[in-house]
Amino acid sequence: MLETIAIIAIVLGVAIVLGVAIAVILVVAATKPGTLRVTRAVSINAPAERIFPLIDDFHQWTVWSPYENRDPAMKRIYSGAGRGQGAVYAWDGNKNVGAGRMEILQSSAPSKIVIKLDFIKPFEGHNTAEFTMLPQGDATSVTWTMYGPAVFMSKVMQVFMNLDRMIGRDFEVGLANLKKLTEK
């Protein structure tokens, strides 16, 4: 009888601790910002006219995007316009890349590209990605920004990981790849 009471007390204690831990996580998540914004920039010693086509044409992303090599078997579907406004790129891959769709909403050569970015898996998300290219002497300042609403699941993830740092590292790799490709 005492053993049964002790087991029940332990199980009850564990349940209370878990319940409090979950409640704390949910409360902390609720305090996270309602939007997600990640921005990285690089100076590239090349004219914007050399950089712009690599971003404006989704077919070119395979040579510079940090996400393209994470799943060699990733399925890619290109539709809409060949490049620029109306170009569409959908992907479906492993857990490292998930699935989603991008569509170029604005293409203002050679200075700005705005992309509607929809993630389907592993988590649904709807964001906007923007690339801006500003001439600065013989160089071009290239900025990659992604922003959108932070759904509650995103806020819970932010309790355990720094999404700006995680996504920002990928942006830094992509921008470094663009730099290497265009400064040749």
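Residues numbered from 1 in each chain as written. Predicted model: local features only at pLDDT ≥ 70, side-chain atom pairs only at ≥ 80, totals over all residues. Heavy atoms only, no water.

Some words on the sheet that holds strand 3 (residues 87-92)
Taken in spatial order, the seven strands of this open sheet run 1-7-6-5-4-3-2, and their pairing is antiparallel. Two strands bound the open sheet, and with one partner strand each, they are strand 1 (35-44) and strand 2 (75-80). Averaged over all pairs of adjacent strands, the angle between their axes in this sheet comes to 15°, without regard to strand direction. (Pairing = 2+ DSSP bridges. Helix = DSSP H or I, 4+ residues; strand = E, 2+ residues; numbered from the N terminus. Axes fitted to C-alpha atoms, helices over the stretch in contact; angles between N-to-C directions.)

What about helix 4 (residues 163-182)?
End to end, helix 4 covers 28 Å across 20 residues, agreeing with the expected 28 Å (1.5 Å per residue, within 8%). Residues of helix 4 that are buried: Leu163, Ile167, Gly168, Asp170, Phe171, Gly174, Leu175, Leu178 and Thr182. Buried residues in helix 4, looked at end-on, bunch into an arc of 160°, giving them a common side. (Expected span 1.5 Å × (residues − 1). Buried < 20%, exposed > 50% of the residue type's maximum accessible area, 1.4 Å probe, protein only. Arc of directions from axis to C-beta.)

Some details on the confidence of the model for the protein
Counting all residues, the mean pLDDT for the protein is 90, and 98% of those residues have values of 70 or more. Of all secondary-structure elements in the protein, the lowest mean pLDDT belongs to helix 3 (residues 152-160), at 72, while strand 3 reaches the highest, 98. (pLDDT = per-residue confidence, 0-100.)

Concerning the pairing of strand 4 (residues 99-108)
Where a strand is regular, its side chains alternate between the two sheet faces. Looking at chain direction, strand 3 and strand 4 are connected through five bridges and run antiparallel. The residue bridging tyrosine 89 from the neighbouring strand is methionine 102, located in strand 4. The antiparallel pairing of strand 3 with strand 4 creates a hairpin that spans six residues between the two strands, and glycine 98 there sits at a positive phi of about 65°. Turn length for the strand 4-strand 5 (residues 112-121) hairpin, with the two strands adjacent in sequence and antiparallel, is three residues.

Topic: the nonpolar core
Of all hydrophobic cores here, the largest spans 33 residues; its most connected members are Ile55, Ile115, Phe131 and Met133. Going through the elements one at a time, strand 1, helix 2 (48-56), strand 3, strand 4, strand 5, strand 6 (125-136), strand 7 (139-149) and helix 4 are the ones with two or more residues in this core. Every residue in contact with isoleucine 55, bar those within four places of it in the chain, is listed here: Trp61, Trp64, Ile104, Ile113, Phe131, Met133 and Leu178. (Core = buried A, V, L, I, M, F, W, Y, C linked by side-chain atoms within 4.5 Å. Contact = heavy atoms within 4.5 Å.)

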